[in-house]
Amino acid sequence: MPTQKYLFIQRSPHGKQQPSPAQMQEMYAAFNAWKEKFKANILDMGGSLKPGGKVVTASGVTDGPFVEVKEIVGGYMIVTAESYERALEVAKEGPGMMGPGSSIEIRELARS
């Protein structure tokens, strides 16, 4: 039984090209197969993030994230696993890794 929670942060290169309709079909098929295989580990599918947002600092609020960044955070999800190694396995097989330059940052959530 998985006991620890992990935050998966999906990143992709800034300015990435949109996939073709055929590539989108392939990505959806891979995503659905992955989701079925790891359904016991997926606690919250999270979602994609809309462009823009705000950055809050002690000195104020500005528009962000900034276009100077090399990567864009595109989405997140929360996964549960019995070990960090299992969380890595779930991430490595994920369709979010299909695109060139894509990555998933994995952060263990602190227990409260």
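Okay, so let's go over this structure.

Looking now at the packing of aromatic side chains. For any two aromatic rings, the description comes down to two numbers: the centre-to-centre distance and the angle of the planes. One pass over the structure, following the stated rule, counts 3 aromatic pairs. Geometrically, the ring pair formed by Tyr6 and Tyr84 is edge-to-face, given 5.2 Å between the ring centres and 85 degrees between the ring planes. On the criterion of sequence distance, the pair formed by Tyr6 in strand β1 (residues 4-13) and Tyr84 in helix α2 (residues 84-92) is long-range, its members being 78 residues apart. For Tyr6, a relative accessible area of 2% translates into the label buried. Judged by its relative accessible area of 29%, Tyr84 is partly exposed. Feature note: the residues Phe31, Trp34 and Phe38 constitute an aromatic cluster, connected by ring pairs.

Glancing now at the pairing of strand β4 (residues 60-63). Here strand β3 (residues 54-57) runs beside β4; their pairing, made up of 4 bridges, is antiparallel. When the bridges of β4 are listed, Val55 appears paired with Thr62. Following β3, the chain reverses through 2 residues before pairing antiparallel with β4.

With that settled, consider the nonpolar core. Counting 12 residues, the largest nonpolar core consists of Tyr6, Phe8, Trp34, Phe38, Ile42, Met77, Val79, Ala81, Ala87, Val90, Ala91 and Ile106. The set of elements that each furnish at least two residues to this core consists of β1, β5 (71-81) and α2. Not counting chain neighbours up to four residues away, the residues in contact with Phe8 comprise Gly75, Tyr76, Met77, Val79, Ala87, Val90, Ala91, Ile104, Glu105 and Ile106.

Right, let's get into α2. Along α2, the residues that are buried comprise Ala87, Val90 and Ala91. Along α2, the residues classed as buried sweep out an arc of 95 degrees about the axis, all on the same side. Facing away from the buried side of α2 by more than 90 degrees, the exposed set consists of Glu85 and Lys92.

Moving on to the side chain of Gln4. Assignment of secondary structure puts Gln4 in strand β1. A relative accessible area of 5% means that Gln4 is categorised as buried. A distance of 2.6 Å separates the side chain of Gln4 from the backbone oxygen of Leu109, its partner in a polar contact. Sequence-distant contacts of Gln4, that is, excluding residues within four places in its chain, are made with Val79, Thr80, Ala81, Glu108, Leu109 and Arg111.

Okay, the environment of Glu82 next. Along the chain, the position of Glu82 falls in the loop between β5 and α2. A residue is classified by how much of its surface remains accessible, and Glu82, at 48% relative accessible area, is partly exposed.

Cut-offs used in this document
- All residue numbers refer to positions counted from 1 along the written sequence of the respective chain.
- In keeping with the predicted nature of the model, local features appear solely for residues at pLDDT of at least 70, side-chain atom pairs appear and are counted solely at 80 or more, and the whole-chain, interface and lining totals rest on all residues.
- Side-chain metrics rest on all non-hydrogen atoms present in the structure, leaving aside hydrogens and water.
- Paired rings are identified among Phe, Tyr and Trp, the last through its six-membered ring, by centres lying within 6.5 Å, and are further divided according to the angle between planes into stacked (under 30 degrees), edge-to-face (over 60) and tilted (the rest).
- Counting from the N terminus, the helices are the DSSP runs of H or I reaching at least four residues and the strands are the DSSP runs of E reaching at least two.
- Partly exposed describes any residue whose relative accessible area lies between the buried limit of under 20% and the exposed limit of over 50%, with all areas from a 1.4 Å probe on protein chains only and scaled to the type maximum.
- Between any two strands, pairing holds if DSSP finds at least two bridges.
- Among the buried residues, those of types Ala, Val, Leu, Ile, Met, Phe, Trp, Tyr and Cys that are joined through side-chain atoms within 4.5 Å form a nonpolar core.
- Working rule for contacts: check all heavy atoms of both residues, and any pair within 4.5 Å makes them a contact.
- Regarding the arc, it is the one traced by the directions from the helix axis to the C-beta atoms.
- The term polar contact refers here to a pair of N or O atoms within 3.5 Å; inside protein, the definition further demands a hydrogen-donor-capable atom paired with an acceptor-capable atom, and it admits residues adjacent in sequence only when both atoms are side-chain atoms.

Read these as spatial facts, not as claims about activity.
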